Amino acid sequence: MIWISSLLVFGCLAWCVAGLSSSGVPFGHEQLIHARIPWLLLGLVWSGAGLGLAALARKRKLSNWLILGLEAPVVGFLSFYFLQGSFLPDHTIALEVGQSFPSYALLDQDETIQGLDAGEPREPALYIFYRGDW
Amino acid sequence: MDPPETSRRLRDHIKASFTFLSDPDGKLLDVLNIRHREGREGLDIAFPTAILVDNAGRARWIYQSDTYRQRARPESIFAAIHSLKHPLEAN
């Protein structure tokens, strides 16, 4: 049973690594986090973990502990990696391409007010909202 | 959301020529719904967002991300700027 368990867990890990390297998408890229949660893969990983635990419950021998110890970080990492997007609050931006950028009047770094009304003609500009302070 | 003096320090440090706007109360963030509450060490920050606005004040390209670890990639930004030459297609 422990061998089926490790086959499932490490097989899924290999599947992810192979999928990532063939897709050409950088690891941790937003496309992966925004992607739909791969429930089939997670289901297989969690089944593998369940089988491993069951095997350990039946026979508390060293090899079972070792294999489960190796599986645990893989299961934890894959679960976190594919579910992290679902823990974030909803933040769909209230602006669509083609809509007017909202009016604003804000201080710049020299404490001068910079403001524009929505739809007011201007030089094209790129607004970058960053986390600040570093 | 930094105050102007923090932005000034950052601008001088990286020798930037562009303008840093301060939105300490997050007013513009709320209008755009991009405030990340307690996003970093208990403080509110912005979800990383980039918006390219044309000379009529319309958004022409929008990038959004979930965490401050991810930002718009330069090649995407330059491609968007390049596409400003073409008129906005009617939706």
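Structure: above.
Residues numbered from 1 in each chain as written. Chains lettered and ligands numbered in written order. Predicted model: local features only at pLDDT ≥ 70, side-chain atom pairs only at ≥ 80, totals over all residues.

**Side note on the overall build of chain B**
Then step 1. Within chain B, the regular secondary structure consists of three helices and five strands.
Then step 2. Restricting to contacts in chain B with at least 6 residues of sequence separation, those with at least 24 account for 21%. (Helix = DSSP H or I, 4+ residues; strand = E, 2+ residues; numbered from the N terminus. Contact = placed C-beta atoms within 7 Å.)

**Points about the sheet that holds strand β4 (residues 49–53) of chain B**
Then step 1. Strands sit in the order β3(A)-β4(B)-β5(B) across an open sheet of three strands; the sheet is antiparallel. The strands lining the two open edges of the sheet, one partner per strand, are β3 (125–129) of chain A together with β5 (59–64) of chain B. For this sheet, the mean angle separating the axes of adjacent strands, direction not counted, is 10°. (Pairing = 2+ DSSP bridges. Axes fitted to C-alpha atoms, helices over the stretch in contact; angles between N-to-C directions.)

**A short note on the interface of chain A and chain B**
Then step 1. With 41 residues of chain A at the interface, the matching set in chain B holds 47 residues.
Then step 2. Secondary-structure elements contributing two or more residues to the side of chain A that touches chain B are α2 (30–34), β1 (104–108), β2 (113–116) and β3 of chain A.
Then step 3. Examining the composition of the side of chain A that touches chain B, we find that five residues originate from one element, β3(A), more than from any other.
Then step 4. Its residues assigned to classes, the side of chain A that touches chain B shows 22 nonpolar, ten polar and nine charged. (Nonpolar A, V, L, I, M, F, W, Y, C, P; charged D, E, K, R; others polar.)

**Remarks on the nonpolar core**
In summary, soluble globular proteins display a tendency toward joint burial of nonpolar side chains.
Then step 1. One finds L29(B), L32(B), I34(B), A46(B), I51(B), V53(B) and A59(B) to be the most contacted residues of the largest nonpolar core, which totals 15 residues.
Then step 2. Here this core spans two domains, and each of domain 1 (1–47) and domain 2 (52–91) of chain B adds at least three residues to it.
Then step 3. Here A59(B) is in contact with L95(A), V97(A), G98(A), Q99(A), F101(A), I51(B) and V53(B), once residues within four sequence places are set aside.
Then step 4. Counting twelve residues, the second-largest nonpolar core is a separate cluster that includes A49(A), A55(A), V75(A) and L78(A). (Core = buried A, V, L, I, M, F, W, Y, C linked by C-beta atoms within 7 Å. Buried ≥ 20, exposed ≤ 12 C-beta atoms within 10 Å, placed from the backbone. Domains from an automatic or database assignment.)

**Focus on the packing of helix α3 (residues 39–58) of chain A against helix α4 (residues 62–83) of chain A**
Residue and element names in this part refer to chain A.
Then step 1. Direction vectors running N to C along α3 and α4 enclose 155°, while the axes themselves pass 10 Å from each other. Classified by the angle their axes make, α3 and α4 are roughly antiparallel. The handedness of the crossing between α3 and α4 is left-handed. Contacts between α3 and α4 involve L42, V45, G48, A49, G52, A55 and L56 from the former and N64, W65, I67, L68, E71, V75, L78, S79 and F82 from the latter.
Then step 2. Residue classes in the contact of α3 with α4 are distributed as eleven nonpolar, four polar and one charged. (Parallel < 35°, antiparallel > 145°, perpendicular 65-115°, else oblique. Left-handed = near helix turned anticlockwise from the far one by under 90°.)

**Brief notes about the environment of L84(B)**
Then step 1. In this fold, L84(B) is placed in the segment after α3 (74–83).
Then step 2. When the C-alpha positions of L84(B) and R60(B) are compared, they lie 7.4 Å apart, and in sequence the two are 24 residues distant.
Then step 3. Not counting residues up to four positions away in its chain, the partners in contact with L84(B) are P124(A), D54(B) and R60(B).

**Looking at the sheet that holds β2(A)**
Then step 1. Pairing within the open sheet is antiparallel, and its three strands lie in the order β2(A)-β1(A)-β1(B). Lying at the two open borders of the sheet, with one neighbouring strand each, are β2 of chain A together with β1 (21–22) of chain B.
Then step 2. By the bridge criterion, two bridges tie β1(A) to β1(B) in an arrangement that is antiparallel. Its bridge partner lying in β1(B), D108(A) is registered against L21(B).

**Describing the environment of S100(A)**
Then step 1. Along the chain, S100(A) turns up in the loop between α4 and β1.
Then step 2. Measuring from C-alpha to C-alpha, the distance between S100(A) and E120(A) comes to 8.9 Å, with 20 residues separating the pair along the chain.
Then step 3. Discounting chain neighbours no more than four positions away, the residues touching S100(A) are A118(A), G119(A), G57(B) and R58(B).

**Some words on α4(A)**
Then step 1. In this model, α4(A) (22 residues) spans 32 Å end to end at C-alpha, consistent with the 32 Å of a helix rising 1.5 Å per residue.
Then step 2. Turning to α4(A), its buried residues number three or more, namely E71(A), V75(A), L78(A) and F82(A). (Expected span 1.5 Å × (residues − 1).)

**A look at unusual backbone geometry**
Peptide bonds are, in most cases, trans, and in most cases residues other than glycine have a negative phi.
Then step 1. A positive phi angle is found at E111(A), which is not glycine, with a value near 65°.
Then step 2. Relative to the assigned elements, E111(A) resides in the loop between β1 and β2.
Then step 3. You can call E111(A) exposed: it has 12 C-beta atoms within 10 Å.
Then step 4. For N33(B), which is not glycine, the phi dihedral falls at a positive 60°.
Then step 5. Tracing the backbone shows N33(B) in the loop between α2 (27–32) and β2 (35–40).
Then step 6. N33(B) gets classed as partly exposed once you count the C-beta atoms within 10 Å, which come to 14.

These figures come from the coordinates and say nothing about function on their own.
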